Amino acid sequence: MNIHEYQAKEIFRKYGIPIPPGEVATTPEEAEAIARKFGSTVVVKAQVHAGGRGKAGGVKLAKNPAEAGKVAAQILKLTIKGLPVQKVLVTPAADIASEAYVGIIVDRASKRAVFMASPAGGIDIEEVAAKTPDKILRHAIDPRYGLQMFEAMQLAFFLYSDMKQVRPAAKILLQLYKAFSENGGSLAEINPLVTTPAGDVVALDAKMVIDDNELDRRPDIAAMRDESAENPSEVEARKANLTFIKLEGNVGCVVNGAGLAMATMDLVKYYGGEPANFLDIGGSSNPEKVVAALRIITSDPSVKAILFNIFGGITRTDDVANGIVTAIKQSPLKVPLVIRLTGTNEEIALKILKENGLSAMTDMDEAVKKAVALATGGKAA
Amino acid sequence: MSTFIDKSTRLLVQGITGRDGGFHTKQMIEYGTQVVGGVTPGKGGQKFDDKVPIFNTVAEAVKQTGANATVIYVPPPFAADAMMEAADAGIPFIVCITEGVPVLDMTRVYPYVKERGSRLLGPNCPGLISPGQSKVGIIPGRICIPGNVGLVSRSGTLTYEVVYQMTRAKIGQTTCVGIGGDPINGTNFIDCLDAFEKDPATTAVVMIGEIGGTDEQEAARFVREKMKKPVVGFIAGQTAPPGRRMGHAGAIISGSAGTAAEKMQAFEENGVGVAKRPIDVVDLLKRAMR
């Protein structure tokens, strides 16, 4: 789960990481009032779950309250990577002497949480990794002991040489690791970590991603989810316990299992079509999930044909068939439907479909070809 | 012969009285797996289905039954504890089916299990099956037939699809292993490839990967450097949008974005036959085994 910068900053502040004050506004008037309270030049920052906010015009300086209101109005009209900006963070502008990067992620290769630190902060860290990999120090943390002081110092010495900065930076790293591990993070990042002309070390930005699997046991973190900042069809899918990602094509896909769902999308492309989405109905086969899946897919006007690809294991194909029949009774489909199903309770499923005037195929390739042909009006092979 | 499990496997089921655990225990027994006991705290002394003895702890179950493998169906918040309990009881082979185990839990479980010398398969995996001998987990038995091909996969239903197509073409399997799709899992591609290379009954291997990480690339290098048996592979996610599943920093650590194209190229460069569609696995195998 993504959380906003201002939410990540709230968490980091609780752990004692030095972060400049800031408040959230949803209207230009609020932004202006906050800027007046700070009484200095402020930065107005779009709060949206997308990278590259600066490049998209989502981060702007304002010298006075009136200007803060004006730039907030501009930013609140933006849509960044398909997501409309609905909140801005207003924070006093800081004087910056240097910019560094620190972050933690869970690394598949070492099977541990790994720290990364770079004195080249403020810019896209991926770019640093590609162009000057020697400017990034990586360090894997033993989960049994957590980050130790000497490790934090090693990382801090990679960023700074003056002890007046090394010590506070090491402390920030220890606090960041605590915030990451105690809140179920899969990523925690400060970019940039800056030094001020007075020599203080301060976190100017904050980013945190929470492991979805942690949310059940962390209701306070789960409550931070901002549904207004997510794609509406992805929100509906999550509520129905479906995994859904919207794409640009015209063949809507309903599949059980992530691997098979990806392979189905690949096959749609192989036979000359374009998948409209990734949709995994998961292992259990509640008919209501199928109803929700069809509702989400049919709400996309670019979908010209719908393809079900179900390989029953835990998933019972008769449940899927019942879901399809229920959904069509509720609202008849306006686009053609191709059903491929095989596996658990296949005979019952085929009977249910037949009784309701539907049919199913058993071969995946044949079903995909047919769906592509229907979606493209026979233009693709 | 087969890999990891066979007729002699004596299996425990952790979470045997749960909905999924109970259902799949019946399926495993029906398939011929020797299920020697179950574990549910508080239900020790009872019997599952009037046959299988239930114990309060894994240690007690091992002592009473001589179990040498366990399969875990407990809910995600308790899965890490269940894996550690099994390793502490000295069970050499632990399969965790549970989906949704927090990844930070796995950073602790992985070294714990390894230090005690156990092999962990999963979590978030379908388990494994040695057709005609034993199955541990949830892979449907009727889609498999005994034969000479070993299969290892990161996914669940896509594995079924490929096995089903192989079985339709009368290509049987020694063992099919689902290693699971989580970022941290106990057994990886290389562990399975190594086991298949050493299994005299296995003459060819299928490897089914997905986008993300670099496991498939490393496995491809292992094939070239350490294996004599032919290996063919498929990668799912050729059309997946970049950056949707992995954070920025994940790509940095692995030094790559883990795209399907990159993995297929690694397959090609290291002599692993590349299937463009799942069905192409069948033809590649036929050619490799000629």
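Residues numbered from 1 in each chain as written. Chains lettered and ligands numbered in written order. Predicted model: local features only at pLDDT ≥ 70, side-chain atom pairs only at ≥ 80, totals over all residues.

Let us look at the overall build of chain B. In terms of helices and strands, chain B carries 10 helices and 14 strands. Computed over the C-alpha atoms, the radius of gyration of chain B is 19 Å, within 12% of the 19 Å expected from 2.2 N^0.38 for a compact globule of 290 residues. Taken over the C-alpha atoms alone, chain B extends approximately 55 × 45 × 30 Å along its principal axes. Within the span of chain B, comprising 290 residues, buried residues form 58% of the whole. (Helix = DSSP H or I, 4+ residues; strand = E, 2+ residues; numbered from the N terminus. Rg over C-alpha atoms; globule rule 2.2 N^0.38 Å. Buried ≥ 20, exposed ≤ 12 C-beta atoms within 10 Å, placed from the backbone.)

Right, let's talk about the overall build of chain A for a bit. For chain A, the helix and strand inventory stands at 13 helices and 17 strands. Once the C-alpha set of chain A is aligned to its principal axes, its extents read approximately 80 × 50 × 40 Å. Relative to its 381 residues, chain A shows a buried fraction of 48%. In chain A, once contacts between residues fewer than 6 apart in sequence are set aside, the share between residues at least 24 apart is 68%. (Contact = placed C-beta atoms within 7 Å.)

All right, on to the interface of chain B and chain A then. At the junction of the two partners, chain B supplies 44 residues and chain A supplies 50 residues. Contributions of two or more residues to the side of chain B that touches chain A are made by helix 3 (76-88), helix 4 (103-115), helix 5 (157-168) and helix 8 (248-254) of chain B. Take the side of chain B that touches chain A: its biggest share by element is 7 residues, from helix 8 of chain B. Looking at the side of chain B that touches chain A, its residues break down into 22 nonpolar, 15 polar and 7 charged. (Nonpolar A, V, L, I, M, F, W, Y, C, P; charged D, E, K, R; others polar.)

What follows deals with the pairing of strand 8 (residues 112-118) of chain A. Every other side chain in a regular strand lies on the same face of the sheet, so the side chains alternate between the two faces. Residue and element names in this part refer to chain A. Burial within strand 8 is extensive, with 7 of its 7 residues counted as buried. Here strand 7 (residues 98-107) pairs with strand 8 via 7 bridges, running antiparallel. Its bridge partner being in strand 8, Ile-105 is matched across the sheet by Val-114. Hairpin connection between strand 7 and strand 8: a loop of 4 residues separates the two successive antiparallel strands, and Lys-111 in this loop has a positive phi of roughly 60°. Relative to strand 9 (residues 137-141), strand 8 is paired through 5 bridges, and the arrangement is antiparallel. Note on strand 9: the bridge partner recorded for Ala-117 is Leu-137. (Pairing = 2+ DSSP bridges.)

The subject of this paragraph is the confidence of the model for chain B. Residues and elements named next belong to chain B. Taken over all residues, the pLDDT of chain B has a mean of 92, while the share at 70 or more is 94%. A low-confidence stretch, residues 245-255 (pLDDT under 50), is modelled with 32 contacts involving residues beyond four sequence positions or located in other chains. Per the prediction output, this complex has pTM 0.91; the corresponding ipTM is 0.90. (pLDDT = per-residue confidence, 0-100.)

The strand order across the open sheet formed by 7 strands is 9-8-11-10-12-13-14 (chain B), and the pairing between neighbours is mixed. Pairing within the sheet leaves two strands with one partner each, and these edge strands are strand 9 (134-137) and strand 14 (273-274) of chain B. By the bridge criterion, 2 bridges tie strand 13 (residues 231-236) of chain B to strand 14 of chain B in an arrangement that is parallel. Across the sheet, the residue bridging to Val-232 of chain B is Gly-273 of chain B, located in strand 14 of chain B. Helix 9 (residues 258-270) of chain A contacts strand 12 (204-210) and strand 13 of chain B of the sheet and is inclined by roughly 85° relative to strand 13 of chain B. (Axes fitted to C-alpha atoms, helices over the stretch in contact; angles between N-to-C directions.)

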